[in-house]
Amino acid sequence: MLLPVLLAAETTSEILRTPIVTFVLLLAIALIVPPIFERLKLPGLVGLLAAGVLFGGGLLGWLDPATETMKLLSEIGKIYLMFVAGLEIDLVLFNKTRNRSLSFGALTFAIPFVSGLAVGLFFGFGWLAAVLIGSLLASHTLLAYPIVQRLGVVGDEAVTVTVGATIFTDVTALVVLAICLGISRGDFSTLKLIVLLGSLTVYAIAVLFGLKQLAKAFFRATGKDEGNQFLFVMLSLFLSAVVAQLIGVEGIIGAFLAGLAINSVIGDGPVKEKTEFLGSVLFIPMFFVNMGLLLDLNAFGSILRFINLPLLIVGALLGSKFLASFSTKLLFGYSWPQTWTMWSLSIPQVAATLAAALVGYEAEIINAQVFNSVILLMLVTSVLGPLVTARTARQLAITEALEETTPLSWLPIPDDRADAFAVVVPVYNPRTERRLLELAAIIARYEKGRVVPLAIAIAQPQMDSPQMNRAIADGYRRLKDAEAISHDFEVPLTPTLRIEPSVPQAICHVSREENANLIVLGVGRRPKFSAPLLNSVHDDVLWAAHCPVVVARLLNSPTQFKDILLPIENPSPLTLRVLRFAQVLAAANQGKVTLLHVCSSFSSEIHQARRQKQLDLLADQLPAANCQIETTLLVRDNLVGVIAQVARSYDLVILRSQRRRPGSSLSVGTRTLPLLEHLDKSVILVGEPHLQQHRQTAFGDQPQ
């Protein structure tokens, strides 16, 4: 009786050690753990590290970093992490502020490097370990960059300088790592150092220029074959890593250079989305889990007992990065909000630091105590950096809001110019068509512009097929109905019929050709247990359009909108654009606009008073119009519930969201979609184009 039980237990134990079970467990961790930690207001990568500790040999022992499966997946994740870091660096922004970027890059590398070197020597480490510690502090990861994108301040010079400095710090830190690895292997002479640097220079030129030209040629030859283009990117990534190892440097250097070479070729299209999606949901989380597996709890416990080393490393990083930012402030005359933004963007130690620390630890250049100190450094800076960035970048956004005038350019003050202000309205749903045309007509009439009703016929393989004929006839019928509706508003029309393979493609192409200032789309009430409120057409148009896109759920005629509610989080230039849109609608009906901000109950009275003043200043930036602008500040914690409750007293709610596209689907913000689902009033969502069209990877905005 006992023997079968023992055999079953042994069989189960063997199964649990198989590669497929390891992979399944890693997938479960990547799926479940990060959302839990994000709900606790902690970065998801902290949860992955904690999961590695939990499932590692120190506790449950379900995962072993020494197995070939974990080594392979972790190595892929490490290389992928550095490749994505290279993809995210904007070379166009770097060229605009090259000299200042290099100046800040040199300062934010040299000062932390010397600080880390001093810390290493102070604690009795050898020169090699001390130099590596210095290089670990010198690099940084733009962990908080999505925050400045969300707030619309990516064009601020302090931000672009910090982005450019990332190239210098990361490349230099990786070169120092390569030198340290070469020395640690023994028999490393000056001649070998020169050979290493020379081969690395030739290799970098070959990757940055040769791979870039090869990628351009391949993408031209393959056209829209996204599958082969994705495979080309993957081959380029891992081949670059392998060649880097062949010349004697770490593979992550090749991966980083490959990312720099390819990012301008693949742009922000579907190939880049697929590439980043695969890494962000699969391989990179596994790398962080493996980092947790390598975390020596005994060594970490000793660090807590002898806290001097980790505290000094953290203090050296924060102080030296501030000194670099302050020196740059003195050199170029930046403001304090700009200085603090540069500091907060440059302190997170995640991608390059973790990858280099792991390589140094595995090469036995640094010991477990230093490695765990780097883990602690990552935990502190990955939380502190984004928190400070969110605060200081808001101040930059407020400053721009008070100085910027261009955000009103798409709804300017009407005059007698002959310029045609165009509003494109696809006509495809008889239930929403009339109200959408009324909305477009109100805006176009205010601007002395025109409305472009757009009927779309989906292209068929045979242009004379019965389906094609029916689609064209139906399109002309829609346009005729649109003309009848628009006659009531006395607005010039440009009816257009377009034959295209897809609806979003037709909308975006016609809007670009007509130089449209606005696109108006409709959405109906969503029945229970039905599809999402925004469908793939909304997603694709919001993502690809060159101009603002209005997605409207209109329960009443736009001519009845007297009281308009505009929830706002941060007074930024982009918020001013949407406020102007609300003002135009209210002016058409002699109504009013209420600017609503909801403060947390934990916010101080000083913060509340400052935010109220900012809202008042924002409202004062609008030109005179035949409507009233009010500002309201409420102190509540349930943001979505409060806005939904307040909205009951209004005719229309306007929400704003800057577009982003993570992975394969569009996201308009973590709070915007819940609001759309909770509001039972007419709602207009304004999706705006990005200030930097080539940087369309920002996080979705919260309702503004």
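Above: the structure in question.
Here goes a summary of the coordinates provided. Computed from a prediction, not measured in an experiment: that's the story for all the values here. (Residues numbered from 1 in each chain as written. Predicted model: local features only at pLDDT ≥ 70, side-chain atom pairs only at ≥ 80, totals over all residues. Heavy atoms only, no water.)

All right, on to the packing of helix 15 (residues 308-332) against helix 16 (residues 336-346) then. Where helix 15 contacts helix 16, the two axes come as close as 9 Å, and the packing angle between them is 140°. You can see that helix 15 and helix 16 cross each other, and the crossing is right-handed. Counted together, Leu318, Lys321, Phe322, Ser325, Phe326, Thr328 and Lys329 of helix 15 and Trp336, Thr339, Trp340, Met342, Trp343 and Ser346 of helix 16 form the full contact between these two elements. Class assignment for the residues of the contact of helix 15 with helix 16 results in seven nonpolar, four polar and two charged. (Axes fitted to C-alpha atoms, helices over the stretch in contact; angles between N-to-C directions. Helix = DSSP H or I, 4+ residues; strand = E, 2+ residues; numbered from the N terminus. Left-handed = near helix turned anticlockwise from the far one by under 90°. Contact = heavy atoms within 4.5 Å. Nonpolar A, V, L, I, M, F, W, Y, C, P; charged D, E, K, R; others polar.)

What follows covers the pattern of salt bridges. Oppositely charged side chains can form a pair if their charged atoms are brought close together. By the definition in use, this model includes eight salt bridges. The shortest N-O distance in the salt bridge between Glu226 and Lys274 comes to 3.0 Å. You can see Glu226 sitting in helix 11 (residues 226-246) and its partner Lys274 sitting in helix 13 (residues 270-293), a full 48 residues away along the chain. Across the salt bridge formed by Glu513 and Arg498, the nearest N and O atoms sit 2.8 Å from each other. Here the residue Glu513 occupies a position in helix 21 (residues 503-513), and Arg498 occupies one in strand 3 (residues 496-500), the gap between them amounting to 15 residues. Taking relative accessible area as the criterion, Glu513 reaches 54% and is therefore assigned exposed. Taken together, the shared-partner salt bridges connect Asp474, Arg477 and Arg478 into one network. (Salt bridge = Lys/Arg side-chain N within 4 Å of Asp/Glu carboxyl O. Buried < 20%, exposed > 50% of the residue type's maximum accessible area, 1.4 Å probe, protein only.)

Both trends apply: most residues other than glycine have a negative phi, and most peptide bonds are in trans. Positive phi, close to 55°, is recorded for Asn515, a residue that is not glycine. By the element assignment, Asn515 lies in the loop between helix 21 and strand 4 (518-522). Even without being a glycine, Gln590 presents a positive backbone phi close to 50°. Within the fold, Gln590 resides in the loop between helix 23 (573-588) and strand 7 (592-599). Judged by its relative accessible area of 53%, Gln590 falls in the exposed class.

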